[in-house]
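Listed here are the chains, written in short residue letters.
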Amino acid sequence: MGRPCRQLEAAAARAVLGAADTLLFDCDGVLWRGDAAVAGAPGTLARLEAAGKRLCYVTNNSSRTRQAYADKLRRLGFPAAAPRQVFGSAYCAARYLRQALPPGAAAYVLGGAAPLDPAVRAVLVGFDEHFAYAKLCQALRYLLRGDAACLLVGTNRDHRLPLEGGAAIPGTGCLVKAVEVAAEREAFIIGKPSRYIFDCVVSEFDIDPARTIMVGDRLDTDILMGNTCGLTTILTLTGVSTLEEVKGHQESDCPARKNLIPDYYVDSIADLLPALED
Ligand code: PLP
Ligand code: CA
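On a predicted model such as this, the values are computed, not experimentally measured, just so you know.

*Asks:* Would you take a moment to explain unusual backbone geometry for this structure?
*Replies:* Apart from glycine, the bulk of residues carry a negative phi angle, and the bulk of peptide bonds sit in the trans form. K192 connects to P193 through a cis peptide bond whose omega is 10 degrees. As for its position among the elements, P193 is in the loop between β12 (188–189) and α7 (195–204). The backbone of C5 sits at a positive phi, close to 50 degrees, despite the residue not being glycine. Of note, C5 is situated in the segment before β1 (6–7). Notably, E184 is not glycine yet its phi reads approximately 55 degrees, a positive angle. Positionally, E184 belongs in the loop between α6 (172–183) and β12.

*Asks:* Can you help me understand the sheet that holds strand β7 (residues 106–109) in this one?
*Replies:* Hydrogen bonds between backbone groups are what pair the strands of a sheet, and the pairing can be parallel or antiparallel. The strand order β7-β8-β9-β12 describes an open sheet built from four strands, whose pairing is parallel. Of all the strands in the sheet, just β7 and β12 have a single pairing partner and so form its edges. Pairing between β7 and strand β8 (residues 120–125): four bridges, direction parallel. Within β8, the position partnered with V109 by the bridge is L124. The sheet contacts of helix α4 (residues 89–100) involve β7, β8, β9 (151–154) and β12, and relative to β9 the element is tilted by about 160 degrees.

What counts and what doesn't
Residues numbered from 1 in each chain as written. Chains lettered and ligands numbered in written order. Predicted model: local features only at pLDDT ≥ 70, side-chain atom pairs only at ≥ 80, totals over all residues. Heavy atoms only, no water. Helix = DSSP H or I, 4+ residues; strand = E, 2+ residues; numbered from the N terminus. Pairing = 2+ DSSP bridges. Contact = heavy atoms within 4.5 Å. Axes fitted to C-alpha atoms, helices over the stretch in contact; angles between N-to-C directions.

Spelled out as structure tokens, the structure:
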């Protein structure tokens, strides 16, 4: 049976939230848009925390540290978060490379300028506003070097980052694709929908997937990851994906598209507030 994608109204929300001890929040499009908090979102998170829920933040944005996210949450009026509650694709990529590479090995990060370094054993592609043909050449030189295996790792595949008014800028997925095409191989992806980023959360906290909710605004990253990792999924309509897209997946015969359908949706996470009032 497919997921129903039911609107989560107060009575159902009380039951769904009551059955969970952890909520994973995507950030942009869920908690804030750019630099403005979604109306009612800080209050919702404060109530969730007061109700004893563990809150974690799972973002594909590779351009900020854990501390920068903790600072932004505080600045926008969300409950205080420790950096260890934040799982960004840059932090998780560093963790992956630390485990995958031998001691003393280095990575070529698209974003840094460098001469060819013999210690490099990985090319890491993240969000790089200064992406250039010269960097693509440098990445390929490492990946083709015959003397040692070189990993190819991408922080995420988001192909577009939306701006207000329907505008968008190209996302990291475009840069990962450029390197993959040149190298004729596929990158290992850290961020959503890869389960690696969820494994990072599991490695730092005592997580039971059956008692964990993933809240996101994108079907192809947040909801897909939540569904494939056995979490309860909630789509919020304050960001990228729409109910029309959900409908398209529901009406499709393609089995792979069923994992893009959330269990529930809300117009905004502020809609969860009534379920949290006594
Ligand atoms: N990558 C970059 C560079 C971004 O700026 C953003 C959003 O601001 C994202 C990815 C998507 O982040 P999230 O997973 O929090 O929606
Ligand atoms: Ca998002």
